Amino acid sequence: MPATFFLIFFLFMVASQSTWFPNYPHYPHLFSAQERFRNRGDRLSKPLIGDSGRIYACSEDMLLAFENNGSIAWFLPLGFECNVSKAPVHGGRGKIYLIAENRVLRINIMKIGTSEPAVQVLFDPGPGQRGDEIVGIAVSTLCSSVIINVKNRGLFAYLMRGQLLWSVGPVIDQYGYRQGCWKNVSDCYFASAPVIDQCEASVYISNTEGELYSLSIRSPQFKWIQDLSSFDKLYTITPGNNGILYVTVPVKSLILALDVSSGNVLWQTSIGQLSSAESSPVVDSYGWVTIGSLDGFLYSFSPTGTLKKFPKAAVLDSVIQFSIFLDCSGYAVYFCQTEMEEKVIHINDQFSHVSAMKPKSSIFTLIVPSTGKIYWSESNHGPFLSSLSQSDLQNFVVDEGMLLAFVTASKIGNQLSCRSKALKLASSCSQGTRKRQSVYTGNRSSIFLFLLLESIILVVLAVVVRFCCVFWRKKKLQDQDLGRFLEKRRSLQLKKKAFDRTITELEHKATEEAVATEETKEELGKLVRERQGIKRKLSTTYSLGRDERVSNPKSVLPLYTGRPSYSFQRAKKGSVTIFYTLSNTSSEGSSGEREYVSDSEVEEEHVVKGKGKAAIEDECSSNDEQLGRKYQRSPLKPASSSKGYTESLFVEQESGEENFQDEGKGVKTVPSSSRSIWLKRRTFSSLN
């Protein structure tokens, strides 16, 4: 039983050790990591803080995983010497990407200790391309993509499984003209490490001429290019994941905030001197961007550019020379402030340089930039940092930046609840969404006026479209010129206005004279009838251009309604009476009967009533000009249902001769001695 228990325990230890120290055929040589790295003094690369609280860094050809207390959890040989100036990149689901000898390696932590290889080469420049330097890489876990910038070759996008999506250089011909490297094409290439805005799924990168590019992760087409060379050609890019992109210009100590959709500068502000050209800020979940300066202050800006400086008191001989880290909650940051024995600031033209010598001590602090609240602060002689100096880190060359990473991973003094990367990203992205929507919730009165103006424009357009649809459907407008039709309609409107003015003047004249004369009444009646004819033309199908003549026009006389005669009277001269005598002849015939009516049997009327009244008014208006008479109507005979009628005209005159025009027969002259004459007119068929 004891032998069996010992065997099980031994196998468990072997299995567990093979997990921490994989891919080694000779296990006894790797039993102690402390012995392997003892007193070597290797330099560690920039650190990566994992979700589990471990810290990943590479040294020589090894990838090491440290616990947050400084002890080595495991190490993995890479087969290539890693680039210590580049930090490993988290790839999600237990994957880490790093640069080693101008290759991009993918490390699958879950395969460590298994039969499958844990290290794979994702990108290899190939034979003859060994000298091409990999400037930087970026990973999008949401899009499962890896973006690689190779100097002098361009930008490459790979899927995590190794398939090439696209590649693009700094110059492309798009939309018919050249984009990128406008000032210098020959020596222009992508110079910065690519960065990814996870909310926008966009890639940002700069070239050697100071131009900033925006691309989609899924497409090699440029969204926009912003020329920032007026500030400097060398700068760092930090995505805010909140609709804002931050650009840090170390030489001029500037921070620019750019709109991610257009690349326009939203605001810019000055900060203190920066320690290196690679200095970059961090953005917390509140949207505040924070960076440390060599003047000893921590600069923090709100999304709108509001500045806060920490600490409040003046710092004479302190510097912040290492990048700051965001804590696990996403709301607070850790930074290290180093006290120096001497610090000298040199000012040269528009630039200033800081020289600091002999560091004395360092203070590590946890602070919430949006409120300024400090949760924790400890010097490098404190209990935690002293314990780190006794761990496996003593076998490597470390600085305050590496120690700050261990402080962040250990969550020292952090009273805030930790959140996952997904929750922090969702909180940050929501700020960008609200910001884009805030455009529509500004000045409500302006928005209301804009909507009102838009509604008026839509109504006017609808009326215009309706006008065009109605008028252009008409045959008149399809066959004739629209300009001629409009001119015709305009002339009718002008005539109507002239008649209105003349009739008004005559009415005033009749009112002033108290008793209107026959001439005034005659002229007034004539004008009224002509105005009514114009109104009819404007209000009926005539106004739509349908005024063409039909092939068989109907009679212009009214229907026979039981009033068998009409009389016409000329002022102060005599009268003309029209009789309708029943006849069975058609409208083509010319027969009729003659009757005589004296003057005493005729009564004067001013308007002829019945069907077809408007048509008779036009005909009568022309007849009045020829005969100079008014119409009178005399009801003498009852209505008839015959198919036709003949028209007879009798004229009575006092004296003199009178000329009458009979249609188709010329002019007849009647002697003055004749008291009564008969003038035969024409015969019309009934409309019934």
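Let me begin by describing the structure that accompanies this report. Remember, predicted model here, so these are calculated numbers, not experimental data.

Thoughts on the sheet that holds strand S25 (residues 289–292)
Phase 1 of the analysis: The strand order S24-S25-S26-S27 describes an open sheet built from four strands, whose pairing is antiparallel. A strand with exactly one partner marks an edge of an open sheet, and here the two such strands are strand S24 (282–283) and strand S27 (307–310).
Phase 2 of the analysis: The pairing of S24 with S25 spans two bridges and is antiparallel. Pairing of Val283 across the sheet is with Val289, part of S25.

A short note on a negative patch on the surface
Phase 1 of the analysis: Negative charge collects at one region of the surface, where Glu518, Glu519, Glu522 and Glu523 lie side by side.
Phase 2 of the analysis: With respect to the helices and strands, Glu519 occurs in helix H9 (residues 518–539).

As for the sheet that holds strand S12 (residues 154–159)
Phase 1 of the analysis: One open sheet accounts for four strands, arranged S10-S11-S12-S13; its pairing is antiparallel. At either margin of the open sheet sits one strand with a lone partner, and together these are strand S10 (134–140) and strand S13 (164–168). Within the sheet, the average angular offset between the axes of one strand and its neighbour, ignoring direction, is 15 degrees.
Phase 2 of the analysis: Bridge count between S10 and strand S11 (residues 145–150): six bridges; the pairing is antiparallel. Along S11, the bridge assignment pairs Ile134 with Val150.

Description of the environment of Arg161
Phase 1 of the analysis: Of note, Arg161 is situated in the loop between S12 and S13.
Phase 2 of the analysis: Separated by 3.3 Å, the side chains of Arg161 and Gln163 make a polar contact.

A short note on the nonpolar core
Phase 1 of the analysis: Judged by nonpolar contacts, the single largest core of 29 residues is most densely connected at Leu44, Leu64, Phe66 and Val407.
Phase 2 of the analysis: Listed by contribution, the elements that provide at least two residues to this core are strand S3 (55–59), strand S4 (62–66), strand S5 (72–77), strand S30 (333–348), strand S31 (351–368), helix H3 (383–388) and helix H4 (400–410).
Phase 3 of the analysis: Those residues within four positions of Phe66 in sequence are excluded, and the remaining contacts are Leu44, Arg54, Ile55, Ser71, Ile72, Ala73, Leu393, Phe396 and Phe406.
Phase 4 of the analysis: Of all hydrophobic cores here, the second largest spans 19 residues; its members include Trp166, Cys181, Cys188 and Phe222.

Looking at unusual backbone geometry
Phase 1 of the analysis: Cis geometry marks the peptide bond from Phe310 to Pro311, where omega comes out at -10 degrees.
Phase 2 of the analysis: Summarising the element assignment, Pro311 is placed in the loop between S27 and strand S28 (318–319).
Phase 3 of the analysis: The phi dihedral of Asn152 falls on the positive side, at around 70 degrees, and the residue is not glycine.
Phase 4 of the analysis: Relative to the helices and strands, Asn152 resides in the loop between S11 and S12.

Looking at the pairing of S4
Phase 1 of the analysis: Of all five residues in S4, five are buried, a share of seventy percent or more.
Phase 2 of the analysis: Judged by which residues are buried, S4 turns out to be covered on both faces: Met62, Leu64 and Phe66 on one side and Leu63 and Ala65 on the other are all buried.
Phase 3 of the analysis: As defined by bridge partners, S3 adjoins S4 across five bridges and the pair is classed as antiparallel. When the bridges of S4 are listed, Tyr56 appears paired with Ala65.
Phase 4 of the analysis: Here five bridges tie S4 to S5, and the two strands are oriented antiparallel to one another. Residue pairing for S5: Ala65 is matched across the bridge by Trp74.

What to know about the environment of Asn184
Phase 1 of the analysis: Secondary-structure assignment places Asn184 in the loop between strand S15 (177–179) and strand S16 (195–197).
Phase 2 of the analysis: Overall, Asn184 belongs to the partly exposed group, its relative accessible area being 24%.
Phase 3 of the analysis: As a C-alpha pair, Asn184 and Thr208 span 24 residues in sequence and 9.3 Å in three-dimensional space.
Phase 4 of the analysis: Polar side-chain contacts of Asn184 include one of 3.1 Å to the side chain of Ser186.

With respect to the pattern of salt bridges
Phase 1 of the analysis: Summed over all chains, the structure comprises 12 salt bridges.
Phase 2 of the analysis: Taking the shortest distance from any N to any O, the salt bridge between Glu339 and Lys360 comes out at 3.6 Å. Taken together, the residues span a long stretch of sequence, with Glu339 in strand S30 and Lys360 in strand S31 at a distance of 21 residues.
Phase 3 of the analysis: A relative accessible area of 46% means that Lys360 is categorised as partly exposed.
Phase 4 of the analysis: Among the salt bridges present, the one from Lys496 reaches Asp500, with a minimum N-O distance of 3.2 Å. With Lys496 and Asp500 both in helix H8 (residues 482–513) and four residues apart, this pair spans about one turn of that helix.
Phase 5 of the analysis: Residue class for Lys496 comes out partly exposed when judged on its relative accessible area of 23%.
Phase 6 of the analysis: Here the salt bridges do not stand alone but share partners, grouping Glu101, Arg103 and Asp124 into one network.

Rules used throughout
- Residues numbered from 1 in each chain as written.
- Predicted model: local features only at pLDDT ≥ 70, side-chain atom pairs only at ≥ 80, totals over all residues.
- Heavy atoms only, no water.
- Pairing = 2+ DSSP bridges.
- Helix = DSSP H or I, 4+ residues; strand = E, 2+ residues; numbered from the N terminus.
- Patch = residues over 30% accessible without salt bridge, like charges linked within 9 Å, V, L, I, M, F, W, Y side chains within 5 Å.
- Areas by Shrake-Rupley, 256 points an atom, 1.4 Å probe, with all protein chains shown as cover.
- Salt bridge = Lys/Arg side-chain N within 4 Å of Asp/Glu carboxyl O.
- Lys, Arg positive; Asp, Glu negative; His and termini not counted.
- Charge placed at Lys NZ, Arg CZ, Asp CG, Glu CD.
- Axes fitted to C-alpha atoms, helices over the stretch in contact; angles between N-to-C directions.
- Polar contact = N/O pair within 3.5 Å; in protein donor to acceptor, adjacent residues only side chain to side chain.
- Core = buried A, V, L, I, M, F, W, Y, C linked by side-chain atoms within 4.5 Å.
- Buried < 20%, exposed > 50% of the residue type's maximum accessible area, 1.4 Å probe, protein only.
- Contact = heavy atoms within 4.5 Å.

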